[in-house]
Amino acid sequence: MNRQNLMTHNLQTASKTYIIAEVSANHNGKIDTAKECLRSIQLAGADAVKLQTYTPDTMTLDCDSDVFRVGEGTLWAGRTLHDLYAEAHTPWEWHGELFALAKELGMDCFSTPFDRTAVDFLEQFDPPAYKIASFELVDLPLIQYVASKGRPIIMSTGMGSLSEIAEAVAVVKAADVPLTLLKCTSAYPSPPESMNLRTIPHLAEAFGVPTGLSDHTLGTAVPVAAVALGACVIEKHFTLSRETPGPDSAFSLEPHEFKEMVDAVRVTEKALGKVNYELTDKEQASKSFRRSLFAVEDIEAGERLTEKNVRSIRPGSGLPPKHLPTVVGRCASQRVARGTPLAWTHVR
């Protein structure tokens, strides 16, 4: 899906889910690893690859006080924010090569900017969209600046209250650019019971925009369930191997898992279909195996039809079973051999 398509495409009514692979820090500081990730992402069937554009100094201060140190309960407990972002960031000088490679591979490539300088830097690559991370949902001036570029925005809503989401949505809508909201649980990894996927259709109804899922659960079941609930975008972290240490590798999918997720999503899309009560060709053929009324004993002409000599059995060659109360008690108009599908001509 190229930029023009993404800008005009109605994701909410699209039959194909837009699947984004998040590289994040899983390049482990090596551009060759980043490029290998992109090639594997393309083979796994993703529509887009997403980067993150920041430096440690655009994200935080190099400060060792407790307020700048990650607390307990996360994968990064005890580390300073500056140290964590120094390890995790994607060097800006890589972006040109990565955008070019994604284009060569036939994938969209865009990024999450974390300040105005990142937005200005990314503009040179003509990205098809911008991503707003959950943690930046409350940075309305940044969102306003991103929206001023006129490109579609995909915005995660992790940690956001309904009023905070509404404030961010209002900023984007004021700029009149396409917006997609992603349900997100900002825990790494996220337990399935924390996901509350029924929020996805509620977001769509509340704000009148396409909705999807930015997922940090382990495995592939949750994204597939999200598609069944109406998600038209799925974002999932990608790693070449969880065995390779890194800030995000523990909650990322490996190549074969990502492909399994993509394949499962595509099957789910086909299964969702539309509201339909018409029979398929195969169902039409299966109708012959429905139940219907049969003579299950030899019945002589003039003999009374009873629940003993007439029954509802398979196949469906006789009268529909709903007529059993009507024919029981009436008489046979002719001799009816055992195994004969009952017809109105047999009844008088």
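Provided above is the structure to which this section pertains.
No experiment lies behind these values; they were computed from the predicted model shown.

Definitions and limits used
Residues numbered from 1 in each chain as written. Predicted model: local features only at pLDDT ≥ 70, side-chain atom pairs only at ≥ 80, totals over all residues. Heavy atoms only, no water. Helix = DSSP H or I, 4+ residues; strand = E, 2+ residues; numbered from the N terminus. Buried < 20%, exposed > 50% of the residue type's maximum accessible area, 1.4 Å probe, protein only. Contact = heavy atoms within 4.5 Å. Areas by Shrake-Rupley, 256 points an atom, 1.4 Å probe, with all protein chains shown as cover. Expected span 1.5 Å × (residues − 1). Arc of directions from axis to C-beta. Pairing = 2+ DSSP bridges. Right-handed = clockwise from strand over helix to strand, strands pointing away. Phe/Tyr/Trp six-rings, centres within 6.5 Å; stacked < 30°, edge-to-face > 60°. Salt bridge = Lys/Arg side-chain N within 4 Å of Asp/Glu carboxyl O. Core = buried A, V, L, I, M, F, W, Y, C linked by side-chain atoms within 4.5 Å. Disulfide = S-S within 2.5 Å.

Here we take up the overall build of the chain. In terms of helices and strands, the chain carries 13 helices and 10 strands. For the chain, the proportion of its 348 residues judged to be buried stands at 48%. Across the chain, the fraction of contacts at a sequence separation of at least 24, relative to all contacts at a separation of at least 6, is 65%. When the accessible surface of the chain is summed, it comes to about 17,000 Å², and 52% of that surface belongs to carbon and sulfur atoms.

Before going further, it helps to spend a moment on helix H8 (residues 162-174). Counted at 1.5 Å a residue, the expected span for H8 with its 13 residues is 18 Å, and the 18 Å between its end C-alpha atoms agrees. Buried within H8 are the following residues: Ile165, Ala168, Val169, Val171 and Val172. Buried residues of H8, seen end-on, are gathered within an arc of 155° and therefore sit on one face of the element. Here the buried face of H8 lies against helix H7 (140-147), strand S5 (153-156), strand S6 (179-184) and helix H9 (199-207). Note on H8: the residue one or two positions beyond its end, aspartate 176, has a positive phi of about 60°.

Most of strand S2 (residues 48-53) is tucked away, with 6 of its 6 residues classed as buried. Of the two faces of S2, both are covered, the one formed by Ala48, Lys50 and Gln52 as well as the one formed by Val49, Leu51 and Thr53. Strand direction decides the pairing type here: strand S1 (residues 18-22) and S2, joined by 3 bridges, are parallel. Pairing of isoleucine 20 across the sheet is with alanine 48, part of S2. Taken together, S1, helix H2 (residues 31-44) and S2 form a β-α-β motif whose crossover is right-handed. Where S2 and strand S3 (residues 108-113) come together, 6 bridges link them in parallel fashion.

Take the packing of aromatic side chains next. Overall, the coordinates contain 7 aromatic pairs when judged by the stated rule. Plain terms: the ring middles of tyrosine 54 and phenylalanine 114 are 5.3 Å apart, the flat faces sit at 85° to each other, and that makes the pair edge-to-face. Taken together, the residues tyrosine 54 in the loop between S2 and helix H3 (56-59) and phenylalanine 114 in the loop between S3 and helix H6 (116-122) connect sequence positions 60 residues apart. Phenylalanine 114 matches tyrosine 54 in its accessibility class, with the two residues each being buried.

To continue, consider the pairing of strand S7 (residues 211-215). Where burial is concerned, most of S7 is hidden: 5 out of the 5 residues are buried. Here S7 shows two buried faces, one formed by Thr211, Leu213 and Asp215 and the other by Gly212 and Ser214. As paired elements, S6 and S7 share 4 bridges and run parallel to each other. Paired with cysteine 184 across the strands is serine 214, a residue of S7. Direction of pairing for S7 relative to strand S8 (residues 233-237): parallel, over a ladder of 3 bridges. Residue pairing in the sheet places aspartate 215 in a bridge with lysine 236 of S8. Where the polypeptide runs from S7 across helix H10 (residues 221-228) and back to S8, its parallel neighbour, the crossover connection is right-handed.

A full pass over the atoms with the stated rule returns 17 salt bridges. As a salt-bridge pair, arginine 79 and glutamate 87 come within 2.6 Å of each other at their nearest N and O atoms. Of the charged contacts in the structure, one is a salt bridge between arginine 266 and glutamate 269, with a shortest N-O distance of 2.7 Å. Here glutamate 269 and arginine 266 lie together in helix H11 (residues 255-272), a separation of 3 residues that amounts to about one turn. Comparing arginine 266 with glutamate 269 shows no difference in burial state: the two are buried. Through salt bridges with shared partners, a single network forms among Lys16, Asp47, Arg266 and Glu269.

Judged by nonpolar contacts, the single largest core of 61 residues is most densely connected at Ile153, Met155, Leu181 and Phe258. Broken down by element, the residue count for this core peaks at 6 residues, all from H2. The residues contacting phenylalanine 258, other than those within four sequence positions of it, are Ile19, Ile20, Ala21, Ala44, Ala46, Lys236, His237, Phe238 and Leu253. Listed in part, the 12 residues of the second largest apolar core include Leu305, Val310, Val327 and Ala332.

All right, on to the state of the cysteines then. In the structure shown here, the tally under the stated rule is 0 disulfides. Sulfur of cysteine 109: no disulfide; nearest cysteine sulfur belongs to cysteine 37 and is 12 Å away. For cysteine 109, a relative accessible area of 5% translates into the label buried.

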